[in-house]
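Architecture and fold: a report
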Amino acid sequence: MNNDSSHGNMHPAVKKIRTASKAGLWGSVGVVIAAACFVLASPWRFYASNYTAKMMLIVATVLTVGVVSSVLLTARKRVPQLRQTDGLDAKLCGYASYIGGMYWTTLLAVVVTCIMAVLSAQSQLLMLAMVSTLVLFLTYPNIYRIKVDLGLSDEEMKNLFGDKYISDEGKD
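Just so it is clear, the model here is predicted, and its values are computed rather than measured. (Residues numbered from 1 in each chain as written. Predicted model: local features only at pLDDT ≥ 70, side-chain atom pairs only at ≥ 80, totals over all residues. Heavy atoms only, no water.)

1. Let's talk about helix α2 (residues 50-84)
Rules: Strands are runs of DSSP state E lasting at least 2 residues, helices are runs of H or I lasting at least 4, and numbering of each runs from the N terminus. Expected span, for any helix, means 1.5 Å times one less than how many residues it has. Here's how the labels work: a residue is buried when its accessible area is under 20% of the maximum for its type, exposed when over 50%, partly exposed in between, all with a 1.4 Å probe on protein chains only. Contacts between residues were defined by any pair of non-hydrogen atoms, one from each residue, lying within 4.5 Å.
Here α2 is 35 residues long and its end C-alpha atoms lie 51 Å apart, about the 51 Å a rise of 1.5 Å per residue gives. Within the sequence span of α2, burial applies to Ala53, Met56, Ala60, Thr64, Val67, Val68, Val71, Val79 and Leu82. Of the surrounding elements, those touching the buried residues of α2 are α3 (88-120), α4 (124-138) and α5 (143-150).

Dropping the structure here:
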């Protein structure tokens with residue numbers, strides 16, 4: 001069965017992976033850009049007290065460190081577990097859950113950080129939101145990353161992605 005996306009019959013887990021990763025990544029990029037425009041270019045400003053601004057900076061820093069750490073540590077633990085899972089469907093469903101959790105959680109953290117940046121008029125918080133977004137770029141699950149992360153064979157990749165997958169066979 002050919003699950004090429006151009007034929008519209010892609011595996012449901014692959015659809016979930018693509019939806020979560022695209023929404024999380026591009027949602028984060030959009031929120032950071034919107035917050036940066038507001039903080040840096042808008043004539044309107046919200047000014048928090050010194051104590052509140054410091055607390056927002058601390059909370060955003062802890063949130064960013066927590067998100068980046070959890071993404072990196074979860075990848076080190078979860079990806080090898082998924083690779084050992086039996087069955088393509090089980091691997092894909094587990095990977096979809098892993099990617100969805102990572103991307104939606106990071107998007108939420110970026111939104112919270114950007115809200116704090118707008119409410120405290122601190123452009124430093126935008127840097128923290130950008131670091132979280134950068135992690136999403138670095139972990140983006142394209143078809144070749146999915147192959148490596150899950151340890152899929154060329155045949156399984158051809159069945160999942162059809163002509164979009166280009167095998168390394170015969171390139172020696």
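2. Here we look at the nonpolar core
One broad trend across soluble globular proteins is that nonpolar side chains are buried collectively. We apply this condition: We call a set of buried residues a nonpolar core when its members are Ala, Val, Leu, Ile, Met, Phe, Trp, Tyr or Cys and they connect through side-chain atoms within 4.5 Å of each other.
Among the nonpolar cores identified, the biggest contains 28 residues, and Tyr95, Tyr98, Ile99, Ile146, Leu150 and Phe161 are the most heavily contacted of them. Of all elements in the fold, only α1 (12-41), α2, α3, α4, α5 and α6 (154-161) reach the threshold of two or more residues within this core. Ranked by the residues each element gives to this core, the list is headed by α3, at eight residues. The residues contacting tyrosine 98, other than those within four sequence positions of it, are Thr74, Ala75, Arg78, Val79 and Leu82.

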